[in-house]
Every structure is written in C-alpha cells, then in structure tokens.
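# Results of the structural survey
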Amino acid sequence: MEFDALILSRLQFAFVVAFHILFPAFTIGLAAFLAVCEGLWLKTGKEVFKRLYLHWVKIFALAFAMGVVSGVVMSYQFGTNWSLFSEITGSVMGPMLAYEVLTAFFLEATFLGVMLFGWQKVGRKLHFVATCAVAIGTTISAFWILAANSWMQTPAGFAIDAETGNFYATSWIEAIFNPSLPSRLSHMLLAAYTTTAAVILAAGAWQVLKGRITEPTKWQIRMASGTLAILLPIQIMVGHWSGEVAHKYQPAKIAVVEGWCETKDLQGTVLIAWPDDSECGHAGITVPGTSKYLFANLEEGEMLHGMDHYPESERPPMWLVFYAFRIMVASGLGMLAMGLWGSFLWWRKRLDEPGLFHMAAVPAGAFGFLAVVTGWITAEVGRQPYTVYGHLRTVDSLSPVSAGQVATSLLVFMVVYAIIFTAGVVYMARIATRGFDDTPPDPASRERRPPGTPMGAVDEKAETSDDIVAAE
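The paragraphs below set out a description of the structure included in this document. (Residues numbered from 1 in each chain as written. Predicted model: local features only at pLDDT ≥ 70, side-chain atom pairs only at ≥ 80, totals over all residues. Heavy atoms only, no water.)

### Some details on the packing of aromatic side chains
- Scanning the entire structure with this criterion turns up 26 aromatic pairs.
- Geometrically, the ring pair formed by Tyr-53 and Trp-119 is edge-to-face, given 5.7 Å between the ring centres and 85° between the ring planes. Note that Tyr-53 is positioned in helix α2 (residues 47-80) and Trp-119 in the loop between α3 (83-117) and α4 (124-153), a separation of 66 residues in sequence.
- The class of Trp-119 is buried, set by a relative accessible area of 8%.
- Ring centres of Trp-151 and Phe-158 lie 5.5 Å apart, and the angle between their planes is 80°; on these two criteria the pair is classed as edge-to-face. Accessibility assignment for this pair places Trp-151 and Phe-158 in one class, buried.
- Through a chain of ring-to-ring contacts, three or more aromatic side chains come together here, namely Phe-15, Phe-19, Phe-23, Phe-413, Tyr-417 and Phe-421. (Phe/Tyr/Trp six-rings, centres within 6.5 Å; stacked < 30°, edge-to-face > 60°. Helix = DSSP H or I, 4+ residues; strand = E, 2+ residues; numbered from the N terminus. Buried < 20%, exposed > 50% of the residue type's maximum accessible area, 1.4 Å probe, protein only.)

Right under this line is the structure:
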C-alpha cells in the first residue's frame, strides 16, 4: 500500500473516530442507566440505587468530557483534511451537525451541571429531571450524528448545483430521515446500551472476584445481565434489518460482507475465508443456501449480485470489511452468552458466588467496544470508494495537503491520545472496579449551612462539594 495523503488522511480520521466513538457509545448507555437508577431510588426508596448512581456518575462525567474533547478534534479534520468534502456537502451536512449542537449539546451541558452538583441545590424530582434531560440529550446527539452519517450512506432529499457541483437540500425531511436512518439509529442506540451493560457487568464481576460483595455490586450485576439477555436478541433483529437496508441501497457492501464471488439467485454464507489464486481471490467455508432466509424479502427471480458484478474500482476493500463484520457479530454473541449465563445464575441464586462466570465477565467487558468499532469499520469502509455513496468519491473529498503534513499530525495524535486517553481510561477503570463502601456518605442528607454562618464554619458531619461528586 502506498501511503499517500489520501490513505494517511483516512487512517488519521479512522484513528480519531475509533477513539471518539468509544466514549459516546458508553455515555449514551450510562446516562440511561443513571436515569433508571435514580428513578428506581425515587420509586422504591432503596438507598442501593442511589449508591449505584453516585458511583457511576463520576465515571459518566469523565467519559463525557473525554468524548467532547475527542469529538472536537475530529470535527477540525473536516477543515484540515477534508475541506473539499466540507465545501461540496456543507449545505446539507452543516445544518445537521449544527442542530446536534443546538438541540443536544446545549441540553447536555446545561443539565450536566445540575446532575453533578445539584444534590443540595434542587429537589429530588428536579434532579431526576436533570438526569433524564442529559440522557435525552445524548440520544438526540446520536440522532443528528446518525442522520448526517446515514445521509452519506443513503443520500436523499438533495440536488447538485450544475455550476458549482455543490450539494444542496431539496427536502430536509427526506435528507434527515433518509432510508438507512431508522435501522442505523436503532442499531447504534442498542449497541450503546449493551456496551454499557457489559462494562457494568465486568466491574461487578471484578468486585466479586476480589471479595468486595456489597448490595450495589449484586444489583449492578443483575441489572447488567438482564439488560444483555433482553436487548441482544432485539439487537440481532435490528442488525438484520440494517443489513436488508444496506443490501437494497449498497449491494456492493453486502457482497463483500458476505464474501459472494459470483452473481446467483441463491447464495450461501461464508463463515471464514482466506486468500487464494482463484478468480475470486479467496476461498472459504460456506454454509450454502442461506440467502433465502437472510434476504427473505427478495422478489422472485431477483439475482443476488456478487463481487463479479462490480468493477474493482467500485468495490470496498474485501478483507477489512469481511472480518470486521464477523468480529462484530462474534462480540455481540459473546455478550448475549454472558447475559443469558448471568440470568441463569440469577435464577439459580448463584450469581453472587465467585466462579467461571465472573472470570469470563471481566474480559467480556470489552466486547461492546469491540463490536462498536468493528461495526463502524464495516459501515464506513464498506461505503468506499465514496464519502457520499454513489455521488462523491473519497479521492475527490480530500484537502490539498501533502503526505508529510498528514503523517506528522497523525503521529502527534497517536502520541497524545496514547498518553491522555490511556490515563483517563485506566482512571475510570479503577473507579469502576474498586467497589462500594458499606457505610457511604449521604450527600442528599447533608445539613444546609444556616443563614449568617461564616463560609469557614462548616459542621464536622457536612461534606465538601468534592464529597458530593465523589460520594458512593
């Protein structure tokens, strides 16, 4: 591979996206988990749910901040590395990304302060409203980002100016609610919820293995196992739906994902493949005749196009997309297995006994992140060689930059990200796995400072503002 400016710019954007997507995927699910915990606390009055909330809200704050920072860096690359893409598609992409800031980021930023520091400033119900507002904000943010990205996958509601070649919207409803948005948004939200559940399960399992078994530990393992067992079957169905949409609008991507060499009316599923000297370029182990089940909505006599139907210049890279998809599926099935296993042990009243399940759950905490990253590789690399599928090629979207400039910035990104984000992730992991104090401080019951009391005169039992955020 020749590492020219195009390849290096794609690698740099992929590197930044791979880091960035980990944090939104986690915070979307964690915000929902926090809203559930606080809602259960208000409904039942059980302190265990408040302890879970106060424990995980610290991790949420750190992950949210790191997601914002990495997202800002990513957005700058539209100007530095992909200025032609920004110029050509800006009239369509710009408003969608702007609305993400106006409708989601402002909502999150405003109520995040109340969520973190408002325990002694607002009532319980209003604080719960703030938590729900942050959770809704993360979902709205996902909506607009997925709307913009899905428009690049299945562009609709636009036209091309004959003089400038720039894109402009003709119907915002069609552009925003493009054909792939419903399935891809559903798929991403479920991925976020299951990713968070896998992390919470891993943290609880670690605490059990270390002998730190408290009521919050028991509850988070039960909640995480149940979430995985319920949502993963739904995720599989939504993923299948997304595949059907991709087959309709991006058939070359599906041909590569499935490893189909020749166009046929009945195709099989290639489980694994390896390069060979055949005309197709690979051989593998295939389960024959599966297309009639996977693509049951095909019309009678409709052919399933293989890679031979498309010129090489119109095909996405075979091996990266092919195996990224299989890693995503394997990671999802691994989380499903952990959810069903944990639910079974819960039913048998053995979930709190350290054992093989807990040892397996710790590394399985990474399955969600692995599935998210490989899923986005499947979607984004599978869109190649286009940035806007069928209309704007990637090579025509690049800024006039040199390979040396891009290589230098890529190396800087790699060094800085390796230091800062590794430290942040390690710190969050330490917080998540250290367990719960059996006699935690109660920030909600702290006595207010009487009027007229000097700022330095604080009751010995009262906690500092740091205690409010760090309380468990």
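### Some remarks on the packing of helix α10 (residues 318-347) against helix α12 (residues 367-381)
- It is the contact of α10 with α12, at a shortest axis distance of 8 Å, that shows an interaxial angle of 150°. In this view, α10 runs roughly antiparallel relative to α12, as classed from their interaxial angle. Classified by chirality, the crossing of α12 by α10 is left-handed. In this structure, α10 uses Leu-320, Val-321, Ala-324, Phe-325, Ile-327, Met-328, Ser-331, Gly-334 and Met-335 to contact α12, whose residues at the interface are Phe-367, Gly-368, Leu-370, Ala-371, Thr-374, Gly-375, Ile-377, Thr-378 and Val-381.
- Among the residues forming the contact of α10 with α12, the class breakdown is twelve nonpolar, six polar and no charged. (Axes fitted to C-alpha atoms, helices over the stretch in contact; angles between N-to-C directions. Parallel < 35°, antiparallel > 145°, perpendicular 65-115°, else oblique. Left-handed = near helix turned anticlockwise from the far one by under 90°. Contact = heavy atoms within 4.5 Å. Nonpolar A, V, L, I, M, F, W, Y, C, P; charged D, E, K, R; others polar.)

### Section: the side chain of Thr-89
- Considering the arrangement of structural elements, one finds Thr-89 in helix α3.
- Residues contacting Thr-89, with those up to four places away along its chain left out, are Gly-94, Trp-151, Phe-167, Val-388 and Leu-392.

### Quick look at the nonpolar core
- Ranked by internal contacts, the top residues of the largest apolar core, which has 59 residues, are Leu-30, Tyr-53, Trp-56, Ile-59, Phe-60, Met-115 and Leu-201.
- It is α2 that contributes the most residues to this core, 14 residues altogether.
- In this structure, Leu-30 is in contact with Trp-56, Ile-59, Phe-60, Thr-196 and Ile-200, ignoring residues within four places of it in sequence.
- Listed in part, the 34 residues of the second largest apolar core include Met-93, Trp-144, Met-152 and Ala-192. (Core = buried A, V, L, I, M, F, W, Y, C linked by side-chain atoms within 4.5 Å.)

### Comments concerning the packing of helix α1 (residues 5-44) against α12
- Interaxial distance between α1 and α12 falls to 10 Å at its minimum, and their mutual angle equals 125°. When the axes of α1 and α12 are compared, the pair comes out oblique. In this structure, the crossing between α1 and α12 has a hand that is right-handed. Of the residues in α12, those in contact with Ala-18, Ile-21, Leu-22, Ala-25 and Phe-26 of α1 are Phe-369, Val-372, Val-373 and Trp-376.
- Its residues assigned to classes, the contact of α1 with α12 shows nine nonpolar, no polar and no charged.

### What to know about the environment of Glu-314
- Tracing the backbone through its elements, the reader meets Glu-314 in the loop between α9 (291-294) and α10.
- Between the C-alpha atoms of Glu-314 and Ala-142, which are 172 residues apart in sequence, the distance is 29 Å.
- In contact with Glu-314, not counting residues within four places along its chain, are Ala-252, Gln-384, Pro-385, Tyr-386 and Arg-393.
- A distance of 2.9 Å separates polar atoms of two side chains, one belonging to Glu-314 and the other to Arg-393. (Polar contact = N/O pair within 3.5 Å; in protein donor to acceptor, adjacent residues only side chain to side chain.)

Limitation: the analysis is restricted to geometry and does not speak to function.
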